[in-house]
Amino acid sequence: MLKNDLVLRAARGETTERIPVWLMRQAGRVLPEYRATRAKAKGFIEFVKSPDLACEVSIQPIDILGVDAAIIFSDILVIPEAMGLPYQMIESKGPWFEKTIQTKNDIDELIIADENDLHYVMKAISLTKKQLDNRVPLIGFAGAPWTIFAYMIEGSGSKTFSKAKQFLYTQPEFSHLLLEKITLSTINYLKGQIKSGADLIQLFDSWAGVLAPEQFYEFSLKYISKICDAVQPLVPITVFAKDAHYAINKISKLNCNVIGLDWTIHPATAREQANEKTLQGNADPCLLYADKKTIKTETEKMLRAFGNKNYIANLGHGLYPDIEKEKVKFFVECVKEFKS
Ligand code: CP3
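This structure is a prediction, so every number in the text was calculated from the model and none was measured. (Residues numbered from 1 in each chain as written. Predicted model: local features only at pLDDT ≥ 70, side-chain atom pairs only at ≥ 80, totals over all residues. Heavy atoms only, no water.)

What follows is about a negative patch on the surface. On the surface, E324, E326, E333 and E337 cluster together into a negatively charged patch. Relative to the helices and strands, E324 resides in the loop between β9 (311-315) and α15 (325-337). Its relative accessible area of 48% is what places E324 among the partly exposed residues. (Patch = residues over 30% accessible without salt bridge, like charges linked within 9 Å, V, L, I, M, F, W, Y side chains within 5 Å. Areas by Shrake-Rupley, 256 points an atom, 1.4 Å probe, with all protein chains shown as cover. Salt bridge = Lys/Arg side-chain N within 4 Å of Asp/Glu carboxyl O. Lys, Arg positive; Asp, Glu negative; His and termini not counted. Charge placed at Lys NZ, Arg CZ, Asp CG, Glu CD. Helix = DSSP H or I, 4+ residues; strand = E, 2+ residues; numbered from the N terminus. Buried < 20%, exposed > 50% of the residue type's maximum accessible area, 1.4 Å probe, protein only.)

Set out below in structure tokens:
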């Protein structure tokens, strides 16, 4: 039995005695403690593949920031790697793939990954679950198929993801073939995470916003929907499709429990479209550069607008590395002390 199950209860649509809070990228570089643990590994990928270290940084935000859930430290790019497309994480630049997907043959060569191909994540989850000692729930995650596809075609981050979008426009059939393979791998992966102890799943469609609505429905939402169908009977699932507000109503009709929101939508607008689904978000991460008075005022405004039913407080995207740890802690405290 979890000692603090606020996030899970809010995800299931129950009213909670106070608003729960966690932060995207809480297991990351805002914490000096994270940087110290990271220094023990040779590089980012070795770090991700060390269950002991991954466990350590997954638990740090619970002790240091006081958040109501842990998220397993890993990366969405472990899926391309498990399917046969390795990546590097280049310091202060981001991910880089030596080989990218260009042809049908490239797609045929990829395997459909299963949990054994990602045994190190399973190990990290079971270890973290044990070390958490039921203090808070553990969130597992994966990238949504479109976002993974975008990295596999583009080979790195991009402002426009125009190569990936070019592939959608010029090779729609092969695009579906690849998205299907990523989806099957992701379902196997998430089922493994749940078996290993994940209490809740979040899907990150970080690059949903580069697609036009019709493309989003055809090449992203369709596959997100398949993942929700597979996961929801097991544990609650959150869909975070960044910058795709027009789709909130459609997302609310999926077999998902929580809709993640970025900061560019007003809480009331999201509520109108979300069919009573639990909402998560949506403070601008840059708010945490402001002074404490501003942080408190703006955070309370957000909490009042969402209310304490069907709501999990979070940022509208991940923490930036140069945000001060004290400000992050303050944001968490503001939520925990808020009385509606
Ligand atoms: O705390 C957590 O949220 C859990 C861990 C987590 C990481 N990546 C660790 C990480 C999670 C949930 C992710 C998801 C992820 N990874 C996404 C989706 C969420 C989002 O931010 O939109 C994406 C697009 C990636 C791909 C990725 N990983 C990029 C583009 C980068 C480099 C740029 C950056 O944000 O730092 C990473 C590296 C990465 N993943 C770091 C961390 C803590 C920083 C690397 C480091 O320690 O040097």
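Along the chain, Q60 turns up in helix α4 (residues 51-64). As a C-alpha pair, Q60 and D117 span 57 residues in sequence and 27 Å in three-dimensional space. In contact with Q60, not counting residues within four places along its chain, are L31, E33, Y34, T37 and L65. Looking at Q60, its side chain comes within polar contact range of the side chain of T37, at 3.0 Å. (Contact = heavy atoms within 4.5 Å. Polar contact = N/O pair within 3.5 Å; in protein donor to acceptor, adjacent residues only side chain to side chain.)

Our focus in this paragraph is the pairing of strand β2 (residues 87-90). Judged from the four bridges that link them, β2 and strand β3 (residues 94-97) form a sheet pairing that is antiparallel. Looking at the pairing, I90 lines up with G94 of β3. The turn linking β2 back onto β3 is made up of three residues, and S92 within it adopts a positive phi angle of 55°. (Pairing = 2+ DSSP bridges.)

This part covers the site of the ligand. The full set close to the ligand counts 23 residues, and R25, R29, Y34, S206 and H317 are the nearest of them. Taking R29, its side chain carries an N or O atom lying 2.4 Å from an oxygen atom of the ligand. In the model, an oxygen atom of the ligand is placed 2.6 Å from a nitrogen or oxygen of the H317 side chain. If the ligand stood free it would expose 860 Å²; the protein chains cover 88% of that surface. Comparing atom positions with the cavity grids shows the ligand to sit within the largest pocket. If you list the elements that add at least two residues to the shell around the ligand, you get α2 (32-38) and β3. Looking at the shell around the ligand residue by residue, the classes come out as 13 nonpolar, six polar and four charged. (Near = heavy atom within 4 Å. 1 Å grid on protein atoms, 1.4 Å probe; cavity = no way out; pocket = protein on both sides within 12 Å on 5 of 7 lines; lining within 4 Å. Sits in = over half its atoms within 2 Å of the grid points. Nonpolar A, V, L, I, M, F, W, Y, C, P; charged D, E, K, R; others polar.)

Before going further, it helps to examine the sheet that holds strand β7 (residues 258-260). Spatially, seven strands are ordered β1-β4-β5-β6-β7-β8-β9 in an open sheet, and the strand pairing comes out parallel. On the outer flanks of this sheet lie β1 (70-71) and β9, each paired with one strand and no other. As defined by bridge partners, strand β4 (residues 138-143) adjoins strand β5 (residues 200-205) across five bridges and the pair is classed as parallel. The residue bridging G140 from the neighbouring strand is I201, located in β5.

What follows deals with the packing of helix α8 (residues 145-154) against helix α10 (residues 172-196). For the pair α8 and α10, interaxial distance at closest approach is 9 Å and the crossing angle is 115°. Handedness of the α8/α10 crossing: right-handed. Seen from α8, the contacting residues are P145, W146, I148, F149, M152 and I153; seen from α10, they are S175, L178, L179, I182 and T183. (Axes fitted to C-alpha atoms, helices over the stretch in contact; angles between N-to-C directions. Left-handed = near helix turned anticlockwise from the far one by under 90°.)

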